[in-house]
Every structure is written in structure tokens, then in C-alpha cells.
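# A closer look at the structure
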Amino acid sequence: MQEVSEEELKKRMLRIRGVLRNAWIDAYGLDVIDNCIKGVEKDFRIDGHLVSILNHYRKLMQYDLCLSVTKLYEKTGKNSLRNIQSLAMRFRTGNWGKFPKTEESALKKAEAYRNGYLAHLDVEVSATPLTNDEMSELLKPATDFFNNICTNVNKPEWKLTDSELALLHTQRYFDFFGVLQQHIEDVE
């Protein structure tokens, strides 16, 4: 078993926390863009150039979210959840349980999309991108597992809490609505 210092464990845990946090920002951003555009299009008119920009940002968030999810679940990655679990054993004060069960098809879909489209210039995309719901289904158990490790190495301050996630979601709503508000007109 490979051992690391407490300082090295902290660096790696906070790196994983950063990836998780950014993945949730992407997931919430996708959700907010979709809901804002749907809501605005019912009663208002949006500048066409803004829709194309939002669609481009949406696509970038999808790519980043897919890459983040696959990084977290990587089997051999130095800073993946699997690797950090084995490194944290030395500092464990409790039992954090088994590695998170995931929807295997969703994870395979994410890996195929990363390998066939995001990481390479394949001419034909043979993999289907994941839906926002599928991505969230992969993020939730990863976040719970990470938080359990934090608890069981006696570092609850490293956790990615529900209140922090709720605040990130609210912030994304106001960020996108602030941008949209300047570019919408009443249909009447």
C-alpha cells in the first residue's frame, strides 16, 4: 500500500474537491440555461446571438462535466476517488463503506464519449453524450463518497456540503438570469 503524508493527502483531497465542485457548477449551469431559455421563450423574445452563445457555453459545460466525471471514477488515476480511498486508509478513523455503486451504463457512456470524442478527433462520434440527469446520477454518489472519506479522516471542513451546493445552484441561476435579462424583450 502506498503511503502519503497528511499534507499530501490534503492536497489530493482538495484537488478532488475542486473537480467535484466544478462538476456541480457545470451541472447546475446546464440546468439553469435549459430552464431559463425555456421559460424566457414562452413569454419573451431573446436576441438570436445570445441563444447561439448560450448553446456554445452549454456544450462546453457538457464537455467539462463529462471529463470531470470520468476523472473522478478513473480506475488507475493518481487522484481519482479510488486512489484517494486507498491513500486515506492510513488516516481513517471510521468505515466509509464501499466505493460508490453507479449506473454502469452511464459511466461507460461517459467514458466512451470522452475517449471517442472529447479526447480524440474522431470523425464520427460513436458515443452518445450523457443527459444532465445521468451526469447528476454519477456526481451524487461520488460527492457522498468523498464526503464520507472527509468525515472518516476527521476532516469535515473538506466536505462539499449540501448548503454549499445549494448556494452554487442559486448563484448559477442569478448569473445566467443577469446575462439574459439584458437581452430579452416582452413579446407583446
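Here is a short report on the structure shown in this document. (Residues numbered from 1 in each chain as written. Predicted model: local features only at pLDDT ≥ 70, side-chain atom pairs only at ≥ 80, totals over all residues. Heavy atoms only, no water.)

### Re the overall build of the protein
Scanning the protein from terminus to terminus reveals six helices and two strands. Along its sequence from the N terminus, the protein presents helices and strands in the succession α-β-α-α-α-α-α-β. Pairs at least 24 residues apart make up 81% of the contacts formed inside the protein by residues separated by at least 6 positions. On the protein, roughly 10,700 Å² of surface is accessible, and the fraction owed to carbon and sulfur atoms is 50%. (Helix = DSSP H or I, 4+ residues; strand = E, 2+ residues; numbered from the N terminus. Contact = heavy atoms within 4.5 Å. Areas by Shrake-Rupley, 256 points an atom, 1.4 Å probe, with all protein chains shown as cover.)

### A word on a nonpolar patch on the surface
A cluster of nonpolar side chains, Ile53, Tyr57 and Leu60, forms an exposed patch at the surface whose accessible area comes to about 270 Å². As for its placement among the helices and strands, tyrosine 57 is situated in helix H2 (residues 48-73). (Patch = residues over 30% accessible without salt bridge, like charges linked within 9 Å, V, L, I, M, F, W, Y side chains within 5 Å. Salt bridge = Lys/Arg side-chain N within 4 Å of Asp/Glu carboxyl O.)

### Considering unusual backbone geometry
The phi dihedral of asparagine 154 is positive, around 60 degrees, even though this residue is not glycine. If you trace the backbone, asparagine 154 turns up in the loop between helix H5 (132-152) and helix H6 (162-181). Exposure remark for asparagine 154: the relative accessible area of 54% places this residue in the exposed category. (Buried < 20%, exposed > 50% of the residue type's maximum accessible area, 1.4 Å probe, protein only.)

### Observations concerning H6
In a regular helix each residue adds 1.5 Å, so 20 residues correspond to 28 Å; H6 covers 28 Å between its end C-alpha atoms and thus fits that length. Along H6, the residues classified as buried are Glu164, Leu165, Leu168, Arg172, Phe176 and Leu180. Along the axis of H6, the buried residues cluster in a sector spanning 145 degrees; they form a single face. Facing away from the buried side of H6 by more than 90 degrees, the exposed set consists of Ser163 and Phe174. (Expected span 1.5 Å × (residues − 1). Arc of directions from axis to C-beta.)

### Looking at the packing of aromatic side chains
Evaluation of the coordinates by the stated rule reveals two aromatic pairs. Measuring from centroid to centroid gives 5.4 Å for tyrosine 173 and phenylalanine 174, while their planes differ by 75 degrees, and the two rings are edge-to-face. The class for tyrosine 173 is partly exposed, based on a relative accessible area of 39%. Among the residues examined, phenylalanine 174 registers a relative accessible area of 54% and is labelled exposed. (Phe/Tyr/Trp six-rings, centres within 6.5 Å; stacked < 30°, edge-to-face > 60°.)

### Topic: helix H3 (residues 81-88)
Side chains that are three or four residues apart share a direction in an α-helix, a result of its 3.6 residues per turn. With six of its eight residues buried, H3 lies for the most part within the structure. Restricting attention to buried positions, one finds in H3 the residues Leu81, Asn83, Ile84, Gln85, Leu87 and Ala88.

### Things to note about the environment of lysine 10
For lysine 10, the location among the structural elements is in helix H1 (residues 6-43). Measuring from C-alpha to C-alpha, the distance between lysine 10 and cysteine 150 comes to 9.9 Å, with 140 residues separating the pair along the chain.

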